Amino acid sequence: MGDEAMIADETMIAAETLSDGVTVLTLNRPQSANALTLPMVAKFRETIARLNADVGVRVVVLAAQGKAFCAGLDLKEVLMGEDAPEGPIENMELQERFSGLMREVAEARFPVVAAIEGAAVGAGMGLAVGADIRVAGPGARFLNGAVRIGLSAGECGISYHLPRLIGSGRAAEVMLTGRPVDAAEAHAIGLVTTLTEAGGALDAAIAVARQIAENSPYAIKHTKQVMRANIDAPSLGAAIELENHVQCLALGTDDFREACAAFAEKRKPRFVGR
């Protein structure tokens, strides 16, 4: 890929900070259905790392320009271009770049609310299910058709996240057939939490993000981390042990004392992250 094309792709991830600790991270390559190239993935990962280091960011909304959320890997650019991988070692390096992005989204310090309009395909579906909350418009579609072209549908974290969202039996049927899941079905089976009118997913996702961001930074961060960790807890006792440690630390924060004072004084708390 030439330098000009690489620079152009690096601008196709946009971050806009709104008020109250909410940042909107937008895939901005609508002419290609927001299909991901390697420079886009690199820029995406850089942006996630930067937002992770910014204590002012409490929640991130993941959105996309155009009619599609994300068409997945740009096959033409990545697998058929001048820098296409050759052999199993380079193929693994490529896979690790894309899968690493999904892990960084899922394990980010802040909750991620995905606003999905149109198709979320392959790696795009991986991004969507890696988010903590999904809000979708009526035209949303979730598809991983890898199994139909001789590849595994277990990619980009889908084999981990999808069974935990919709159950292992239903996830197996979706992944093994390679069929799409439309917005209505996604809402019915719990893949998305909110179904909006056409074009309304972003506003609804921002509203959810702002509701989350009203809480203290410690509470937001550790609620996400405890929930993610305890999905795989080996026992109820292990889950409660983690909860107890996190809660005892919370009881000693300035923000908890502020919340108690605000409750007594019948006003909204003013959290400062301490």
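See the structure printed just above.
In short, a report on the structure. Note that the structure is a prediction, hence the values are computed from the model and not measured.

1. Remarks on the overall build of the chain
When helices and strands are counted, the chain shows 12 helices and nine strands. Referenced to the eigenvectors of the C-alpha coordinate spread, the extents of the chain come out at roughly 65 × 45 × 40 Å. Out of the 274 residues belonging to the chain, those deemed buried represent 42%. For the chain, long-range pairs separated by at least 24 residues make up 68% of all intrachain contacts whose partners lie at least 6 apart in sequence. The averaged location of the 34 negative side-chain charges in the chain is 7 Å from the averaged location of its 26 positive side-chain charges.

2. Here's the deal with the packing of helix α4 (residues 87-106) against helix α5 (residues 123-130)
The interhelical angle for the contact between α4 and α5, taken along N-to-C directions, is 20 degrees, at an axis separation of 8 Å. As judged from the angle between their axes, α4 and α5 are roughly parallel. Here α4 runs over α5; the crossing is right-handed. Along the contact surface, α4 presents Phe-98, Leu-101, Met-102, Val-105 and Ala-106, while α5 presents Ala-123, Gly-126, Leu-127 and Gly-130. Of the residues in the contact of α4 with α5, the class split is seven nonpolar, two polar and no charged.

3. Considering unusual backbone geometry
Its identity as a non-glycine residue notwithstanding, Asn-34 has a phi of 60 degrees, on the positive side. Turning to its location among the elements, Asn-34 is positioned in the loop between β2 (22-27) and α2 (38-53).

4. Brief notes about the packing of aromatic side chains
This model, assessed by the stated rule, comprises zero aromatic pairs. The lysine or arginine in question, Arg-164, covers the ring of Tyr-160, its NZ or CZ lying 3.7 Å from the ring centre.

5. Some remarks on the sheet that holds strand β5 (residues 119-121)
Spatially, β5-β7-β8 is the arrangement adopted by the three strands of the open sheet, whose pairing is mixed. This sheet does not close on itself; its edge strands, each paired only once, are β5 and β8 (181-182). Alignment of β5 against strand β7 (residues 141-143), held across three bridges, turns out to be parallel. By the bridge assignment for β7, Val-121 is matched with Leu-143. On top of the sheet, α5 reaches β5 and β7; it is set at about 100 degrees to β5, its chief contact.

6. As for the pairing of strand β1 (residues 13-17)
As defined by bridge partners, β1 adjoins β2 across five bridges and the pair is classed as antiparallel. Across the sheet, Ile-13 pairs through a bridge with Leu-27, a residue of β2. Linking two consecutive strands that pair antiparallel, namely β1 and β2, is a turn of four residues; a positive phi of about 65 degrees is found at Asp-20 within it.

7. Focus: the environment of Leu-165
Residue position: Leu-165 is located in helix α6 (residues 158-166). By relative accessible area, Leu-165 is classed as partly exposed at 27%. A sequence separation of 152 residues divides Leu-165 from Ile-13, and the C-alpha atoms of the two residues are 27 Å apart. Not counting residues within four places of it along the chain, the set of residues in contact with Leu-165 comprises Val-129, Arg-134, Ile-189, Gly-190 and Leu-191.

8. Re the nonpolar core
Of all hydrophobic cores here, the largest spans 49 residues; its most connected members are Leu-36, Phe-44, Ile-116, Leu-127, Phe-142, Leu-162 and Leu-191. Setting aside chain neighbours within four positions, we find Leu-191 in contact with Val-129, Arg-134, Phe-142, Leu-162, Leu-165, Ile-166, Val-181 and Ala-186. In this structure, Val-22, Val-59, Val-61 and Ala-204 belong to the second largest nonpolar core, which totals 16 residues.

9. Description of a negative patch on the surface
Among the surface-exposed residues, Glu-86, Glu-90, Glu-93 and Glu-96 lie close enough to one another that they form a single negatively charged patch. Note that Glu-96 resides in helix α4. With relative accessibility at 45%, the residue Glu-96 sits in the partly exposed group.

10. A word on a nonpolar patch on the surface
Together, Tyr-160, Met-227 and Ile-231 make up a nonpolar patch on the protein surface, roughly 280 Å² of accessible area in all. Since its relative accessible area comes to 48%, Met-227 is described here as partly exposed.

About the cut-offs
- Residues numbered from 1 in each chain as written.
- Predicted model: local features only at pLDDT ≥ 70, side-chain atom pairs only at ≥ 80, totals over all residues.
- Heavy atoms only, no water.
- Helix = DSSP H or I, 4+ residues; strand = E, 2+ residues; numbered from the N terminus.
- Buried < 20%, exposed > 50% of the residue type's maximum accessible area, 1.4 Å probe, protein only.
- Contact = heavy atoms within 4.5 Å.
- Lys, Arg positive; Asp, Glu negative; His and termini not counted.
- Charge placed at Lys NZ, Arg CZ, Asp CG, Glu CD.
- Axes fitted to C-alpha atoms, helices over the stretch in contact; angles between N-to-C directions.
- Parallel < 35°, antiparallel > 145°, perpendicular 65-115°, else oblique.
- Left-handed = near helix turned anticlockwise from the far one by under 90°.
- Nonpolar A, V, L, I, M, F, W, Y, C, P; charged D, E, K, R; others polar.
- Phe/Tyr/Trp six-rings, centres within 6.5 Å; stacked < 30°, edge-to-face > 60°.
- Lys NZ or Arg CZ within 6 Å of the ring centre and 35° of its normal.
- Pairing = 2+ DSSP bridges.
- Core = buried A, V, L, I, M, F, W, Y, C linked by side-chain atoms within 4.5 Å.
- Patch = residues over 30% accessible without salt bridge, like charges linked within 9 Å, V, L, I, M, F, W, Y side chains within 5 Å.
- Areas by Shrake-Rupley, 256 points an atom, 1.4 Å probe, with all protein chains shown as cover.
- Salt bridge = Lys/Arg side-chain N within 4 Å of Asp/Glu carboxyl O.

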